[in-house]
Amino acid sequence: MSESTTTGMSLHTKILLGLVLGALSGVAVNVLARDANGKPLPELDWVLTNVSGPVGQIYLRMLLMTVVPLVFASLAVGVAKLGDFGNLGRIGARTMLYFVGSMAIAVAIGLTLVNVVQPGVGLPEATRTELMRTFGGEAEAKKETADKHKFGVETFVKIVPRNPIESMAQMPPDMLGVIFFALLVGVGITQLRAERGQLLLQVLEGVGDLMVFIIGLAMKLAPYGVFALIFTVTARFGFDILLQLGKYVFVVLLGLGLHMFGGLSLLVWSLSKLNPLVFFGKVRAVIITAFSTSSSSATLPTSIKISEEELGVPAPIAGFVLPLGATMNMNGTALFEGVTVVFLAQVFGVQLGLAEQAIVIMLSVLTAVGAAGVPGGSIPLLVMVLTAVDVPAGSIAIIIGVDRLLDMCRTTLNVVGDITCATYIARSEGYDLLQPKAALAAADPLPREAAAVSPEGTVAEERAAD
Ligand code: ASP
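Residues numbered from 1 in each chain as written. Predicted model: local features only at pLDDT ≥ 70, side-chain atom pairs only at ≥ 80, totals over all residues. Heavy atoms only, no water.

A word on the overall build of the protein. Broken down by element type, the protein carries 21 helices and zero strands. Relative to its full complement of 466 residues, the protein shows a buried share of 52%. (Helix = DSSP H or I, 4+ residues; strand = E, 2+ residues; numbered from the N terminus. Buried < 20%, exposed > 50% of the residue type's maximum accessible area, 1.4 Å probe, protein only.)

The following block contains the structure:
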C-alpha cells in the first residue's frame, strides 16, 4: 500500500487526497449547484448518474468480486494451517468470545448515551411527519426484505448451506453459508492424504494470491474510486436532514468514536500489547477504504493485506479471523442498531424498560453477526429488532436519509474491530507483532513449500510429526 505511483506520491496519500477532495467538492456542489428554488440542478444529477456514480461503482465492484473467492480460500487455508482441532478450538473460541464481548461493550456504550441524551424525546412532530412522508416508500421496501429475515430456529439452520455455490452466487452472498462450508473444507484438508491435502492447499493459496493480484489492480483505481464514491454521496446528501436529526447523529457518532478510540484502544493496549497510536497509524488505509465503500466485505482484502504486512499478523491467523470478522464482528453496526431502536422508541413514545433494553442489546449483537457486509446491510435486520420490542417497523423512514453517513462511520469501526481481534489472537498465540514479513514466514506453522510428503500420512499427521 505504501508503494509510490508515477507522480512520486504514495498510493496512500493519493487515496487520502481522493477522499478529502471528493468530500469537499461534493459538499460544494451540494450547496452551490441549485436553481432559484433551491432544487438541485439537473446537470448535477446527470454527472452523478453518468460519471461519478459509475466510476465509484466500478471500483466497489472490483473489490467486491474478489470477496467470495478470497473468503473461501483464506478461511480454508487458515483453518488447515492452524492445524489440529485443539489449536482451532482454542483460537476459534477466543475469536468468538472477543467478537461477542466487544460487540456487547459497543452496544452498552450506545445504549448508555442514547438513554442519557434522549435524542428522540424532543423531535418536533412536523419533522417526524415530513421524514415519514419522504422516506416512507424506501422504508417499505426495506421492510419487505426484512420479512425474509424472520428470526427463529430457521436462522440457525440456514447457516448450514444446502448448496454452497448458491450461497456464493447470491447478492449479497450468504456469507455465513460460505464460511461454514470453508471451515469444513479447511478441516477436511487436514484429514486428507498428505499429498492430496498439500495439493489442495497450494491451489487454494494460489487462488488467494490471484485475488491479491486483482485487488492490486483495483487499488490503482482507488484514488479515483474513493473520490467518486465520496463525491456522489456528499453531493446527493440531504444536509438539512442532518441538522433535523442532529442529536441522534451526534449520539451515534459519539458512541462510535468512544468505542473506537476508547474501548478498542484499551483492548489493543491491554490484549494485543500494542500502542494504540501506532496501531491506528498502521491501519489508516483500512480506515479510508471502509469509510469510502461502507462495506466490510469490500474492505476485507485491504484488512488482510495491512494486518499481515503492516501489523505482522501471521497469514493463517489473518486468514482465519478477518473473513469471519468481516461477516460476524460488527461493533459499529451493533452500536448503531442499539442506539437507533431506543431513539425510535423515544420518538414514538414506546417505553423500553430494562428488560426490553436487555433484549435490544442481545438482538443487536445477534443481528450484527448476521448482517451482510455491504452498504446498508444491517437495515433489514434492524427492522427485525424494532418489531421484537414493539416499535413500529416503518419508523426506520426517519433515519434512512442520514443512514449513508452513519454507515460510512459504523463500517469503519466494524473493520477496525476485526483487526484488533486479529492482533489479539496473534499475540495470544505467542507471535511478536510489527515484525517484518520474513520473520513471520519462518514462524509459519505450515510453510508454503511443504517438504516431501509421505503419500500415506495426512496433512495433520505430518504436521504432528514436525
Ligand atoms: N455497511 C456495514 C458493513 O459493511 C453493515 C451495516 O451496518 O449496514 O460493515
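From this point, things continue past the structure.
Another aspect to go through is empty space enclosed by the protein. For the structure shown, the criterion picks out three cavities of 30 Å³ or more. Thr333, Ala372, Val374, Asp407 and Asn414 are, among the 16 residues lining the largest cavity, the residues nearest its centre. By residue number, the principal contributor to the lining of the largest cavity is helix α19 (residues 397-428), which donates four residues. Across the lining of the largest cavity, the residue classes tally to four nonpolar, 10 polar and two charged. (1 Å grid on protein atoms, 1.4 Å probe; cavity = no way out; pocket = protein on both sides within 12 Å on 5 of 7 lines; lining within 4 Å. Points joined across faces, edges and corners; volume = space filled by probe spheres on them. Nonpolar A, V, L, I, M, F, W, Y, C, P; charged D, E, K, R; others polar.)

With that out of the way, let us pick up a nonpolar patch on the surface. A cluster of nonpolar residues, Trp46, Val47, Val51, Val55 and Tyr224, forms a patch on the protein surface that exposes about 460 Å² of accessible area. Considering the arrangement of structural elements, one finds Val47 in helix α2 (residues 42-64). A relative accessible area of 32% means that Val47 is categorised as partly exposed. (Patch = residues over 30% accessible without salt bridge, like charges linked within 9 Å, V, L, I, M, F, W, Y side chains within 5 Å. Areas by Shrake-Rupley, 256 points an atom, 1.4 Å probe, with all protein chains shown as cover. Salt bridge = Lys/Arg side-chain N within 4 Å of Asp/Glu carboxyl O.)

Take helix α13 (residues 284-293) next. In terms of burial, α13 is largely enclosed, as seven of its 10 residues are buried. The complete set of buried residues in α13 reads Ala285, Val286, Ile288, Thr289, Ala290, Ser292 and Thr293. Among the structural elements, α1 (11-32), α2, α9 (194-236), α14 (296-309) and α19 are those in contact with the buried residues of α13. Just beyond α13, the residue with positive phi is Ser294, at close to 55°. (Contact = heavy atoms within 4.5 Å.)

Turning next to the pattern of salt bridges. Close approach of charged atoms allows side chains of opposite charge to pair. This model, assessed by the stated rule, comprises 10 salt bridges. Close ionic contact of Arg193 with Glu195 constitutes a salt bridge, the shortest N to O distance being 3.5 Å. Among the residues examined, Glu195 registers a relative accessible area of 43% and is labelled partly exposed. Salt-bridge contacts for Glu309 lead to Lys305; the nearest nitrogen and oxygen are separated by 3.8 Å.

On to the environment of Leu48. Residue position: Leu48 is located in helix α2. Considered as a pair, Leu48 and Ala235 are 187 residues apart in the sequence and their alpha carbons are 8.1 Å apart. Discounting chain neighbours no more than four positions away, the residues touching Leu48 are Gly53, Pro54, Phe231, Thr232, Ala235 and Arg236.

As a further point, take the site of the ligand. Surveying the vicinity of the ligand reveals 16 residues, the closest of which are Ser296, Thr333, Asp407, Arg410 and Asn414. Here a nitrogen atom of the ligand sits 3.0 Å away from a polar atom, N or O, in the main chain of Ser294. In this structure, Thr333 approaches the ligand through a side-chain N or O atom, which is 2.6 Å from an oxygen atom. For the ligand, whose free accessible area comes to 270 Å², the fraction covered by protein is 100%. In this structure, the ligand is accommodated by the largest cavity. Here the residues of the shell around the ligand sort into four nonpolar, 10 polar and two charged. (Near = heavy atom within 4 Å. Polar contact = N/O pair within 3.5 Å; in protein donor to acceptor, adjacent residues only side chain to side chain. Sits in = over half its atoms within 2 Å of the grid points.)

The interhelical angle for the contact between helix α3 (residues 67-82) and α14, taken along N-to-C directions, is 50°, at an axis separation of 9 Å. Regarding the angle of α3 to α14, the classification is oblique. Crossing angle aside, the handedness with which α3 passes α14 is left-handed. Across the interface between the two elements, Val67, Leu70, Val71 and Ser74 from α3 touch Ser297, Ala298, Leu300, Pro301 and Ile304 from α14. Each residue belonging to the contact of α3 with α14 can be placed in one class, and the counts come to seven nonpolar, two polar and no charged. (Axes fitted to C-alpha atoms, helices over the stretch in contact; angles between N-to-C directions. Parallel < 35°, antiparallel > 145°, perpendicular 65-115°, else oblique. Left-handed = near helix turned anticlockwise from the far one by under 90°.)

On to the environment of Thr340, then. Take Thr340: it is sitting in helix α16 (residues 331-347). Overall, the relative accessible area of 0% leaves Thr340 in the buried class. Counting along the chain gives 89 residues from Thr340 to Val251, while the straight-line C-alpha distance between them is 9.7 Å. If sequence neighbours within four positions are ignored, Thr340 has contacts with Tyr248, Leu382 and Ile399. Looking at Thr340, its side chain comes within polar contact range of the main-chain oxygen of Phe336, at 2.6 Å.

Residues Leu245 and Tyr248 are the most contacted members of the largest nonpolar core, which totals 132 residues. No other element matches α19, which puts 17 residues into this core. Counting five residues, the second largest nonpolar core, distinct from the first, contains Ala33, Leu44, Phe231 and Ala235. (Core = buried A, V, L, I, M, F, W, Y, C linked by side-chain atoms within 4.5 Å.)

With that settled, the discussion passes to the confidence of the model for the protein. Taken over all residues, the pLDDT of the protein has a mean of 87, while the share at 70 or more is 89%. Confidence over residues 445-455 falls short of pLDDT 50; this stretch has 22 contacts with residues more than four positions distant or in other chains. (pLDDT = per-residue confidence, 0-100.)

A few words now on the packing of aromatic side chains. For the structure shown, the criterion picks out six aromatic pairs. The interplanar angle of 80° and the centroid separation of 5.4 Å between the aromatic rings of Phe279 and Phe280 together place this pair among those described as edge-to-face. For the pair formed by Phe279 and Phe280, the shared burial category is buried. One aromatic cluster is present, built from ring pairs that chain together Phe261, Phe279 and Phe280. The ring of Phe348 has Arg128 sitting right over it, with the charged end atom 4.4 Å from the ring centre. Lying over the aromatic face of Phe336, Arg410 brings its terminal NZ or CZ to 3.9 Å of the ring centre. (Phe/Tyr/Trp six-rings, centres within 6.5 Å; stacked < 30°, edge-to-face > 60°. Lys NZ or Arg CZ within 6 Å of the ring centre and 35° of its normal.)

Moving on to helix α15 (residues 315-328). Under the 1.5 Å per step criterion, the end-to-end length of α15 is 19 Å for 14 residues, consistent within 8% with the ideal 20 Å. Counting buried residues along α15, 13 of its 14 residues qualify, which places the element largely inside the surrounding structure. (Expected span 1.5 Å × (residues − 1).)

Let us now look at the side chain of Ser364. Position of Ser364 relative to the elements: it lies in helix α17 (residues 354-370). Relative accessible area serves as the criterion here: at 0%, Ser364 is assigned to the buried category. Only 2.7 Å separates the side chain of Ser364 from the backbone oxygen of Val360, close enough to count as a polar contact.

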